[in-house]
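# Commentary on secondary and tertiary structure
Spelled out from the first residue to the last, the chains are:
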Amino acid sequence: MVFTGILFAILAMILWGFEELFLKKTIARVKTLTTFLINTIAGVILQFVIVVVFIGKITLIPLNDLILVIFAVITAFLGYLFFYKALSKQKLSLISSLDESWIIVSIIIAIVFLGEKLSFINIFSVLLVLLGAFLISANLKKIKRIKFISGSGYELLSVIFIGITVPLEKVIVEKIGEANAIIYLGGLILPTIFLYKYFMKERFIKPDKKAMRTGIASGIFDGLAFIFYILALKLTNVSMVAPIIASSVIVSVFLGRIYLKERMTIKQIVGAVAILVGVIMLSTVFDL
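Residues numbered from 1 in each chain as written. Predicted model: local features only at pLDDT ≥ 70, side-chain atom pairs only at ≥ 80, totals over all residues. Heavy atoms only, no water.

Turning our eyes to something else, we now look at the environment of I275. Tracing the sequence through the fold places I275 in helix α14 (residues 266-283). In this structure I275 comes out as buried when scored by relative accessible area, which is 0%. Each C-alpha atom of the pair I275 and A133 lies 7.2 Å from the other, and the pair is 142 residues apart in sequence. In this view, I275 contacts L128, V129, G132, A133, I136, S247, V249 and I250; residues no more than four positions away in its chain are not counted. (Helix = DSSP H or I, 4+ residues; strand = E, 2+ residues; numbered from the N terminus. Buried < 20%, exposed > 50% of the residue type's maximum accessible area, 1.4 Å probe, protein only. Contact = heavy atoms within 4.5 Å.)

Moving on to the nonpolar core. Taken as a class, soluble globular proteins show a tendency for nonpolar side chains to be buried jointly. Counting residues in each nonpolar core, the largest one holds 67 residues, and the members touching the most others are V69, W102, I103, L185, Y229, I230 and I245. Counting residues per element, this core draws most heavily on helix α11 (residues 209-235), which supplies 8 residues. In this structure, W102 is in contact with V159, I162, G163, V166, A242, I245 and A246, ignoring residues within four places of it in sequence. (Core = buried A, V, L, I, M, F, W, Y, C linked by side-chain atoms within 4.5 Å.)

Proximity of charged atoms lets side chains of opposite charge pair with each other. Scanning the entire structure with this criterion turns up 4 salt bridges. Ionic pairing is found between D65 and K175, a salt bridge with its closest N-O pair at 3.4 Å. Here D65, found in helix α3 (residues 63-87), pairs with K175, found in helix α8 (residues 152-176); they are 110 residues apart in sequence, far enough to count as distant. In this structure, K170 and E174 form a salt bridge, with 3.1 Å as the shortest nitrogen-oxygen distance. Note that K170 and E174 are positioned in helix α8 at a spacing of 4 residues, about one turn of the helix. Assessed through its relative accessible area of 10%, K170 is described here as buried. Residue E174 is classed as partly exposed on the basis of its relative accessible area, which comes to 40%. Each of K170, E174 and K234 takes part in one network of salt bridges that share partners. (Salt bridge = Lys/Arg side-chain N within 4 Å of Asp/Glu carboxyl O.)

So, about empty space enclosed by the protein. One pass over the structure, following the stated rule, counts 1 cavity of 30 Å³ or more. Its boundaries defined by the atoms lining it, the largest cavity holds a volume of some 510 Å³. Considering the residues around the largest cavity, the lining is formed by 31 residues, among which W16, E19, Y80, D222 and F226 are closest to the centre. Sorting the residues of the lining of the largest cavity by element identifies α1 (2-27), α2 (32-55), α3, α8, α9 (178-187), α11 and α12 (238-246) as the ones contributing at least two each. The element best represented in the lining of the largest cavity is α2, accounting for 6 residues. Broken down by class, the residue content of the lining of the largest cavity amounts to 18 nonpolar, 7 polar and 6 charged. (1 Å grid on protein atoms, 1.4 Å probe; cavity = no way out; pocket = protein on both sides within 12 Å on 5 of 7 lines; lining within 4 Å. Points joined across faces, edges and corners; volume = space filled by probe spheres on them. Nonpolar A, V, L, I, M, F, W, Y, C, P; charged D, E, K, R; others polar.)

Set out below in structure tokens:
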């Protein structure tokens, strides 16, 4: 079961890497909230069809579980909203790399509140992933001059909220099952977007055809990734799933190089290799 969970996490990692590529293309043409809306609608529709046809029955859940789901939806919404805002201000490869720091928050919560334990190999693997993310993202010249990266304030908030969300979703999937978790967690994002629009007095922008296509593509990849991610959480621990899906930065960086013409340095290549080695090590340790 653990091995299957790892395979699902790797699939989610790859799919989220593709999603971030299309997000960058969409945000370049329309505002953050519009991108979020298009992405979510496409993803939720796909998730509903797949759950109904392939995964299982959707049921009403108890009020206590619904409150927990709503709390997780709010933290997830804020995490992704701030990620999108950061993405609109910086290169895909840079923001994607910074974003992976949320695994520290998730693993600490999993150890303290869920009773998960890490072996030395697990710890070393996580450190490799973090080191790789740093090597890919850090501009050493700016660090020496104590300059801040554009979008890093939004990214810090994204790290905190997403880090809280992952352990919450682990608890939810254990309580209400995979099918319900996918539908409730994914579906409730939509009304959250409209509530945010109303209270923050933001507006949607009518996307052109290209923005619509890339936004829908990002939603399809996100919807599929989320399904595999929830299945992975059901089968294995947060401390195993989190570093693997965080490694989507490898896919993002290489896709950014190929399609967005973002240059890769030797340091970034070394960082990508470090992340890959960390994921491989995690994928060969099942004794959690």
